[in-house]
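# Close look at the chain arrangement
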Amino acid sequence: MGVNRQSPNWVLLSLMLVSVVAWLFLDALNVAPNRIVPGTPYTSLEVMGGWPALLLGLPLLGVAVLAWQPSRKGLQCSLAVVVAVLMLLPLWLAAATVGFVDADAPQARVGIGSALWLLLFLLLLAVIELRTRLGVSRAKGWLLFMPMLASWWLALTLWLEPLALVREYRVRSDQFASAVYTHLMLVGAAVGVSLLLAAVLVLVMRRQPAVRRIGFAALNFLQTIPSLALFGLLLAPLAWLGSRIDWLGNMGVSGIGWAPAFLALLGYSLLPMVRNIFVALEEVDAGVIESARGMGMSRRQVFVQVRLPLALPVVLEGVRITTIQAIGLTAVAALIGAGGLGTFIFQGLGQAAMDMVLLGALPIIALALVADALIGALSERLRLGGAQ
Amino acid sequence: MIELFDVTKRFGDETAVNAISLRVAKGELCALVGTSGCGKSTTLRMINRLIEHDGGEIHLDGEPVRSFDEVTLRRRIGYVIQSTGLFPHWTVSRNIGLVPRLLKWPKERVRDRVEELMQLLGLPVAEFADKYPRQLSGGQAQRVGVARALAADPDILLMDEPFGALDPITRATLQDEMRALQARLHKTIVFVTHDMDEALALADRLVVMHQGRIVQQGSPIDLLHEPANPFVESLLGGLDRGLKEAALIQVGERMLPFGPRLLASERIPYGASLSQALSVMLWHRVDRLTVVDEEDIPIGELSLRRLLGAKAP
Amino acid sequence: MTSSSVTTRAVATQRQWLAPLIWFILLLSLAAGMSQLEWLFRLLEPELRQVIYRRGDFLALLGRHVLVVAIASLLAVILGVGAAVAVTREAGRDFLPLVAQLASIGQTFPPVAVLALAVPALGFGTLPIIVALLLYGLLPIVRNTLAGIGSIDPDVHEAARGMGMTPRQILRQVELPLAAPFILAGIRTSVTINIATAALGATVGASNLGDPIISGIVNGNTAYIVQGALLIGLLSLTVDSIFERLQRRP
């Protein structure tokens with residue numbers, strides 16, 4: 001029997017091998033002279049003589065070797081390597097772009113190929129895996145992504161002008177800013193209003209079982225209707241209201257635009273919000289409530305000082321789910337003219353301009369991830385201070 | 001017959017079971033006792049290879065357990081655990097019939113066997129056959145657990161604190177039934193418990209474990225009389241040892257069959273234990289008891305002197 | 001069992017399926033007889049020449065919608081349950097933490113974004129939609145299957161092993177039946193999202209019930225929008241009520 005002989009970390013091993021193969025043999029870049037002409041694909045080995053690509057790929061093979069006999073030191077080393085490669089990747093892209101595109105070709109654009117996307121995805125998975133294995137805390141885990149984000153930001157602002165995504169952004173930077181603003185406003189309004197409404201609704205529901213039954217049935221029913229259908233169904237009555245009632249019309253209520261989007265978002269947001277607030281308040285440990293009563297706290301004191309603080313993490317979980325859902329649904333709302341980042345997606349799809357689709361889709365995903373992380377961190381903090 | 005030769009088990013750096021040797025004869029009930037974490041459960045689970053041993057050998061009727069396919073091995077050995085582990089999505093009868101069905105017995109034979117076992121364990125078929133485990137009380141669930149372990153009529157039964165989660169009254173009833181059952185079936189049983197009274201009441205052989213080693217083994221009386229060290233002594237009850245021993249001896253063994261004498265005022269059944277007899281004497285402040293049989297007919301007398309083990313006057 | 005109790009149970013079963021049946025009949029008759037309601041939609045858009053969507057037969061649109069969702073969901077169930085089972089076996093356990101985290105992180109991605117990303121990767125048409133639905137639909141199924149298998153009392157597992165069940169028998173007779181309610185809930189979530197996301201597929205060149213809605217938005221024809229929306233809504237309610245019944249069984 002060997003001493004502390006570890007079995008190989010198959011996860012890391014397979015991630016690394018697939019990464020290297022994908023990186024070296026799939027298309028890394030796509031260079032086109034302008035927006036219309038389809039570009040020429042290049043593998044990473046065809047760029048800059050190939051050696052920089054090998055230089056990025058070889059350390060990953062090293063990680064694969066370390067994964068064969070994983071030790072804590074080896075895993076830490078692997079994490080450092082993966083984070084470093086993730087950091088160098090945008091710099092490689094920047095160097096490649098500068099090499100490929102002449103300064104006098106202002107229309108030329110560089111697209112990111114499948115090799116690069118795949119490598120990015122697989123390495124992020126590797127970071128997650130290593131983070132779990134090493135037991136890195138949530139907060140420190142986020143720090144791991146900082147060098148990568150910093151280097152992407154640097155590359156994007158300084159050297160990656162010819163990148164198709166950047167070109168697409170430059171053309172409509174004002175539009176982009178206002179789309180982000182609209183998106184956030186719609187999400188914020190829907191989440192905020194639904195939180196208030198849900199709180200009131202739950203307070204009534206806790207007193208009236210009939211309201212509880214009907215309320216949950218109605219919200220469940222609403223949640224089942226697909227978003228596109230609900231937006232569509234709200235269109236007709238709102239158009240009618242907007243045209244008949246002047247002050248509503250003056251406010252901007254019509255079948256198209258923010259009004260149906262907001263109403264539908266609100267409807268969808270209510271169910272997760274109500275459900276979580278309800279469950280949160282119901283499921284506070286009965287023993288704790290009992291002892292609070294026994295100590296002579298009044299009903300009001302029990303609610304404000306015991307039940308509410310203990311319920312808060314679960315309520316926040318509801319806010320988190322609702323926010324993420326609303327970020328996605330707001331994208332759909334672009335179809336009925338509500339604006340927001342979804343506009344780029346659907347315009348891009350309409351014009352078969354894939355980079356424009358990315359310009360909409362990537363920030364939406366980023367928003368969802370950031371919202372998830374922020375609210376998740378907040379609720380973890382409250383849980384630490386408040387309850388288990 | 002179960003034999004363990006220098007069996008060792010390590011978990012990482014920790015040695016859970018350290019070179020223990022043990023022989024359980026056919027038809028013997030062997031109780032493994034000790035504080036929690038002493039390795040008694042690990043030892044039990046190595047016998048049916050739920051845990052593989054690292055060193056030494058375990059033999060079943062002279063053949064190493066490693067020579068069997070582990071699934072075949074387990075189907076030959078009955079297994080009962082504290083939390084019953086009944087399948088919540090199956091009815092009582094389906095749970096009991098599990099191993100026979102795994103062994104591909106014909107349907108009728110499985111059904112007959114299930115009904116036989118339910119009767120044996122005092123579970124009326126009409127009432128319990130179609131119930132689900134969550135509808136049972138703790139005692140009923142554990143009866144089903146025992147019935148399931150006995151289903152394929154294994155020679156060997158492994159029981160891991162089977163009555164540990166039950167209330168004292170149910171537990172005592174099940175212990176009595178267990179004793180009666182064993183008197184009929186003569187299985188080879190390894191029984192893990194941390195309850196010394198349970199071990200003393202049921203076991204033919206008592207094995208005391210501490211920190212992965214066997215500290216002492218022998219018959220309950222032997223251990224009571226000659227504990228190997230202060231640990232065994234305290235485990236066996238310290239100052240209460242006398243009462244524990246008295247609990248193992250039946251009144252019938254010490255009584256004086258009747259001569260022509262006056263009946264004592266208080267009565268005790270001949271199947272009761274000496275500790276119960278002592279308790280009756282203390283309570284009524286008397287030094288003589290009339291011993292009666294099942295029909296409450298006087299058959300003898302027990303005096304304090306005889307209870308204490310002195311020769312008859 | 002007496003014959004009357006058999007009948008009662010049969011009636012009860014029939015009644016349980018009443019709601020799905022009603023939704024289904026409504027869905028079919030609306031899809032088949034939409035043109036009979038021309039007068040109604042005329043009220044909605046009195047000035048337009050055409051108020052009934054004619055570019056595709058509604059039944060055909062419905063059929064294609066159901067087909068795409070069914071293919072994607074079926075594949076998602078097979079792959080999702082398969083993956084979750086694989087990573088909870090002895091051999092695949094190394095992959096469990098990563099798969100569990102991926103399933104939960106993946107669910108923060110909005111389905112629209114996933115659909116949008118599938119197009120640059122795979123082009124326009126039905127294929128990218130099926131792939132996007134499949135990928136996204138996997139997540140709740142994987143997550144719920146993991147939760148279901150994880151929720152099984154370890155002692156039940158231990159007892160199953162102790163009784164001499166083989167790993168395959170434990171999986172099929174103990175783990176999967178006990179995890180079934182969780183898995184079913186995951187499939188329900190997955191299918192519900194898929195029906196909604198498939199409708200968006202109309203923007204990437206698939207023809208299904210999303211078509212009338214998109215076309216109505218583009219042409220400013222509210223009647224088209226309402227027709228598509230009603231059918232999608234009814235389809236979701238039909239499917240959801242079927243799951244509701246399935247989940248209610250013991």
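Residues numbered from 1 in each chain as written. Chains lettered and ligands numbered in written order. Predicted model: local features only at pLDDT ≥ 70, side-chain atom pairs only at ≥ 80, totals over all residues.

## Here's the deal with the overall build of chain B
Applied cut-off: The secondary structure listing takes helices from DSSP runs of H or I that are at least 4 residues long and strands from runs of E that are at least 2 residues long, numbered from the N terminus. Throughout, a pair of residues is in contact if the C-beta atoms placed from their backbones lie within 7 Å.
The helix and strand inventory of chain B stands at 15 helices and 14 strands. In terms of overall dimensions, chain B has C-alpha extents of about 65 × 50 × 30 Å along its principal axes. Within chain B, contacts between residues at least 6 apart in sequence are counted, and of these 62% link residues at least 24 apart.

## Considerations on the interface of chain C and chain B
Using the following cut-off: Nonpolar residues are Ala, Val, Leu, Ile, Met, Phe, Trp, Tyr, Cys and Pro. Charged residues are Asp, Glu, Lys and Arg, and all others, Gly as well, are polar.
If you look at the interface, chain C gives 13 residues, while chain B gives 15 residues. Residue assignment for the side of chain C that touches chain B shows that the elements contributing at least two residues are helix 8 (154-162) and helix 9 (167-200) of chain C. A total of six residues in the side of chain C that touches chain B trace back to one element, the largest contributor, which is helix 8 of chain C. For the side of chain C that touches chain B, the class distribution of residues is seven nonpolar, three polar and three charged.

## Some details on the pairing of strand 4 (residues 55-60) of chain B
Residues and elements named next belong to chain B. Applied cut-off: The rule for pairing is simple: two strands pair if DSSP sees at least two bridges between them.
Where strand 1 (residues 2-11) and strand 4 come together, five bridges link them in antiparallel fashion. Residue pairing for strand 4: T8 is matched across the bridge by G55. If you look at the hairpin formed by strand 4 and strand 5 (residues 63-64), you'll find two residues sitting between the two strands, and D61 has a positive phi there, around 50 degrees.

## Things to note about the interface of chain A and chain C
Listed by partner, the interface residues are 40 residues for chain A and 37 residues for chain C. For the side of chain A that touches chain C, the secondary-structure elements that each account for two or more residues are helix 1 (10-25), helix 4 (114-134), helix 9 (227-244), helix 13 (299-333), helix 14 (342-350) and helix 15 (354-386) of chain A. For the side of chain A that touches chain C, the element with the highest residue contribution is helix 15 of chain A, accounting for 10 residues. When its residues are assigned to classes, the side of chain A that touches chain C shows 29 nonpolar, nine polar and two charged.

## Let's talk about the sheet that holds strand 1 (residues 27-32) of chain A
All names here are of chain A. Threshold: Orientation is described by axes fitted as lines to C-alpha atoms, over the contacting stretch for helices, and by angles from 0 to 180 degrees between their N-to-C directions.
Pairing in this open sheet of three strands is antiparallel, and the strands run 2-1-3 from one edge to the other. Whereas interior strands pair on both sides, the edge strands pair on one side only; in this sheet they are strand 2 (40-43) and strand 3 (109-112). When strand polarity is set aside, the average angle formed by the axes of neighbouring strands in this sheet is 30 degrees. Bridging between strand 1 and strand 3 involves four bridges; their strand directions are antiparallel. Directly across from A32, in strand 3, lies its bridge partner R109.

## A few points about the domain arrangement of chain B
What counts here: Domain limits in this description derive from either an automatic procedure or a database domain assignment.
Partitioning chain B into structural domains gives domain 1 (2-240) and domain 2 (249-307). Centre-to-centre, using C-alpha coordinates, domain 1 of chain B lies 35 Å away from domain 2 of chain B.

## What to know about the arrangement of the chains
Taken together, the two pairs of chains in contact show their highest number of contacts between chains A and C. Nothing in chain A touches chain B, and the closest approach of their C-alpha atoms is 8 Å.

## Details of the confidence of the model for chain A
Basically, it comes down to this: Along the chain, pLDDT gives the predictor's confidence residue by residue, from 0 to 100.
Considering every residue of chain A, the mean pLDDT works out to 82; 92% of them sit at 70 or more. By mean pLDDT, the top-scoring element of chain A is helix 7 (residues 173-207) of chain A (91), and the lowest-scoring one is helix 10 (residues 246-251) of chain A (65).

## Describing the packing of helix 7 (residues 126-150) of chain C against helix 9 of chain C
Residues and elements named next belong to chain C. Our working definition: Throughout this description, any angle smaller than 35 degrees is read as roughly parallel, any larger than 145 degrees as roughly antiparallel, any in the 65 to 115 degree range as roughly perpendicular, and the remainder as oblique. Rotating anticlockwise by less than a right angle from the far helix to the near helix defines a left-handed crossing, while the corresponding clockwise rotation defines a right-handed one.
The contact between helix 7 and helix 9 brings their axes to 8 Å, and the two run at 155 degrees. On the basis of the axis angle, helix 7 is roughly antiparallel to helix 9. The hand of the helix 7/helix 9 crossing is right-handed. Tallied by class, residues from the contact of helix 7 with helix 9 come to 14 nonpolar, nine polar and two charged.

## As for helix 10 (residues 210-219) of chain C
Under the convention used in this document: Around each residue's C-beta, the other C-beta atoms within 10 Å are counted; 20 or more make the residue buried, 12 or fewer make it exposed, and counts in between make it partly exposed. All C-beta atoms are placed from the backbone.
Extensive coverage of helix 10 of chain C is indicated by the burial of seven of its 10 residues. Restricting attention to buried positions, one finds in helix 10 of chain C the residues G210, D211, P212, I213, I214, G216 and I217 of chain C.

## Some thoughts on the domain arrangement of chain A
Residue and element names in this part refer to chain A. For chain A, the assigned domains are domain 1 (10-167) and domain 2 (173-383). Each of domain 1 and domain 2 was reduced to a C-alpha centroid, and the two centroids are 36 Å apart. With four residues of domain 1 at the contact, the number on the domain 2 side is six residues. Secondary structure elements with two or more residues in the side of domain 1 that touches domain 2: helix 5 (138-158) and helix 6 (164-171). Tallied by class, the residues present in the side of domain 1 that touches domain 2 amount to three nonpolar, no polar and one charged.

## A word on helix 14 of chain A
Residues and elements named next belong to chain A. Extensive coverage of helix 14 is indicated by the burial of seven of its nine residues. Taken as a whole, helix 14 has its buried residues at G342, T343, F344, I345, F346, G348 and L349. Positive phi shows up at A352, right after helix 14, with a value of about 55 degrees.

## Observations regarding the packing of helix 7 of chain A against helix 13 of chain A
Residues and elements named next belong to chain A. It is at 9 Å that the axes of helix 7 and helix 13 come closest, and there the two elements cross at 135 degrees. The orientation of helix 7 relative to helix 13 falls into the category oblique. Read as a crossing pair, helix 7 and helix 13 show a hand that is right-handed. Each of H183, L186, V187, A190, V191, S194 and L195 in helix 7 lies in contact with helix 13, whose residues at this interface are V319, T322, T323, A326, I327, T330 and A333. Residues that form the contact of helix 7 with helix 13 fall into these classes: nine nonpolar, five polar and no charged.

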